[in-house]
Every structure is written in structure tokens, then in C-alpha cells.
Amino acid sequence: RGTANPIYLIELVRTFVLGPDADADLEQCILLAQHAVAIRDSKQWRDWWSMYALGMAYYRAGQHEQAVHWLEESLTADNMEWSVRALSYPMLAMAHHRLGHADQARAALQSAARVFDHWTQEMVEKSSDAPWVQHLGATGYWSVPWWDWLEGRLYYREARLLIDGSPPPDDARVHVLRARSRSEERRVGKSVDLGG
């Protein structure tokens, strides 16, 4: 409580709004995210993270016009982290959908699909430069931090369920990545168990 560090504020908001939770204090989340945006703006740095957090807080609070505004702002913010900014697309798709903007919702959802497909393909195709005896095939290239990738996948699934009425199709590449991670644990029997 009482921190003025915008990174902590943003992470707190991201944690509270990760899923639709009736017990979350969404007005407090909005205030914390607004504070993070104000801190960043006072330093003349339009930080996408703080705008993303504010857009998500507005979405969860049912203030969809504000959510669209801030999520769109996050996509154009002055920050070098262009790739990870795409996390805004699933939530933007849901906000547009709630406002009845079918075309914008579909466009944002398709943008999210393209980005997550690209990130997943990179993880499968690119590998570590370390010798095989060190990684035993459990390699992967993370163009974004794993927690951002996971957060994006959760929101994309939520957006697909909301807009299309069904989850995204199962992605065999994710099973390959899971098998690679289990091979690193030397759980060879589990590495071929693609279902669990």
C-alpha cells in the first residue's frame, strides 16, 4: 500500500484483473492504474504498460469506452517494446465487442491471433545456442517473457469464447513445447504424454 513505484502499481492491477472477479476492487484498480499513467506522463514518457493496465481495469469495471481509448493508446505509446504491446489486442477485442463494434472487435481478435501465432512459431523454430548436452532438447526462444505470453493466451482464450462462442483450436506446437520442458526435467515418460 502507498507505493509510488509505477511498476508495482501496474503489476498489482494486472494481477487483480487477470480474470473476471466479482470480489476485485475495480475502482481501486482504476485509481492505481491512473496513478501509474500520471507518474509516467509527468516524466514525458508515454508508457504502454501503464496504459494497458488502465485499459484492462476499465474493461473489468465495465467502462468499455474508456477501455478502448486506453488500450488503443497503449498500442501507439512511445516505447521500444513493440512486440509485447500486442497483449492489448484481446482485451481491446472484448471491449469493442461489448460496445457492439463487431468489425473492430473482429480486427483486434485477428491481430491477436496473428501475434500469438508468430510468438508460438518463434518459440518452436528458434533454439538455444547452448550445446545439446546442456538443454537436452528442452529449448525454446521467448520473444516476450513467458508470463506475458501466458497472460496473452488467457485473454485471447477469453476473447474467443466471448466473441466466437468457442475457445481457440488446440495448438500442437504448445504440446511440443510442453514435451520439451518435460524432457528437461528428465521425465521422459511424461514428455510424450501430449495431453497432460
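Refer to the structure printed above.
Residues numbered from 1 in each chain as written. Predicted model: local features only at pLDDT ≥ 70, side-chain atom pairs only at ≥ 80, totals over all residues. Heavy atoms only, no water.

**Details of the overall build of the chain**
Each helix and strand counted, the chain has 10 helices and 0 strands in total. Scanning the chain from its N terminus toward the C terminus, one meets helices and strands in the order α-α-α-α-α-α-α-α-α-α. Going through the 196 residues of the chain one by one, you find that 44% of them count as buried. Taking all contacts inside the chain whose residues are at least 6 apart in sequence as the whole, residues at least 24 apart take part in 63%. Split by element, the accessible area of the chain, about 10700 Å² in all, is 55% carbon and sulfur. (Helix = DSSP H or I, 4+ residues; strand = E, 2+ residues; numbered from the N terminus. Buried < 20%, exposed > 50% of the residue type's maximum accessible area, 1.4 Å probe, protein only. Contact = heavy atoms within 4.5 Å. Areas by Shrake-Rupley, 256 points an atom, 1.4 Å probe, with all protein chains shown as cover.)

**Re the environment of E11**
With respect to the secondary-structure elements, E11 resides in helix α1 (residues 6–16). Overall, E11 belongs to the partly exposed group, its relative accessible area being 35%. For the pair E11 and W49, spaced 38 residues apart in sequence, the C-alpha to C-alpha distance is 9.3 Å.

**Comments concerning the packing of aromatic side chains**
In total, this model carries 6 aromatic pairs according to the counting rule given. Aromatic pair W146 and W147: ring centres 5.7 Å apart, planes at 80 degrees, arrangement edge-to-face. Here the aromatic cluster, defined as three or more aromatic residues joined through ring pairs, consists of W48, W49 and Y52. (Phe/Tyr/Trp six-rings, centres within 6.5 Å; stacked < 30°, edge-to-face > 60°.)

**Thoughts on the packing of helix α3 (residues 48–60) against helix α5 (residues 88–98)**
It is the contact of α3 with α5, at a shortest axis distance of 10 Å, that shows an interaxial angle of 35 degrees. By crossing handedness, the relation of α3 to α5 is classed as left-handed. For the pair α3 and α5, the contacting residues are W48, Y52, M56, Y59 and R60 in the first and S88, M91, M94, A95 and R98 in the second. (Axes fitted to C-alpha atoms, helices over the stretch in contact; angles between N-to-C directions. Left-handed = near helix turned anticlockwise from the far one by under 90°.)

**Section: the pattern of salt bridges**
Pairs can form between side chains of opposite charge whenever their charged atoms are close. For the structure shown, the criterion picks out 8 salt bridges. As a salt-bridge pair, E151 and R14 come within 2.5 Å of each other at their nearest N and O atoms. Note that E151 is positioned in helix α8 (residues 146–164) and R14 in helix α1, a separation of 137 residues in sequence. The class for E151 is buried, based on a relative accessible area of 7%. A salt bridge links D117 to R173; the nearest nitrogen and oxygen atoms lie 2.8 Å apart. Residue D117 is located in helix α6 (residues 102–125), and its partner R173 is located in helix α9 (residues 172–184); the two are separated by 56 residues in the primary sequence. We classify D117 as partly exposed; its relative accessible area is 40%. Relative accessible area serves as the criterion here: at 17%, R173 is assigned to the buried category. (Salt bridge = Lys/Arg side-chain N within 4 Å of Asp/Glu carboxyl O.)

**Structural notes on α8**
Here α8 spans 26 Å end to end across 19 residues, near enough to the 27 Å set by a 1.5 Å rise per residue. Here α8 has its buried residues at D148, W149, E151, G152, Y155, Y156, E158, A159, R160 and I163. Looking one or two residues beyond α8, the residue adopting positive phi is G165, at roughly 80 degrees. (Expected span 1.5 Å × (residues − 1).)

**So, the side chain of R85**
Inspection of the secondary structure puts R85 in the loop between α4 (64–76) and α5. A polar contact of 3.2 Å, which involves the side chain of R85, links it to the backbone oxygen of L75. (Polar contact = N/O pair within 3.5 Å; in protein donor to acceptor, adjacent residues only side chain to side chain.)

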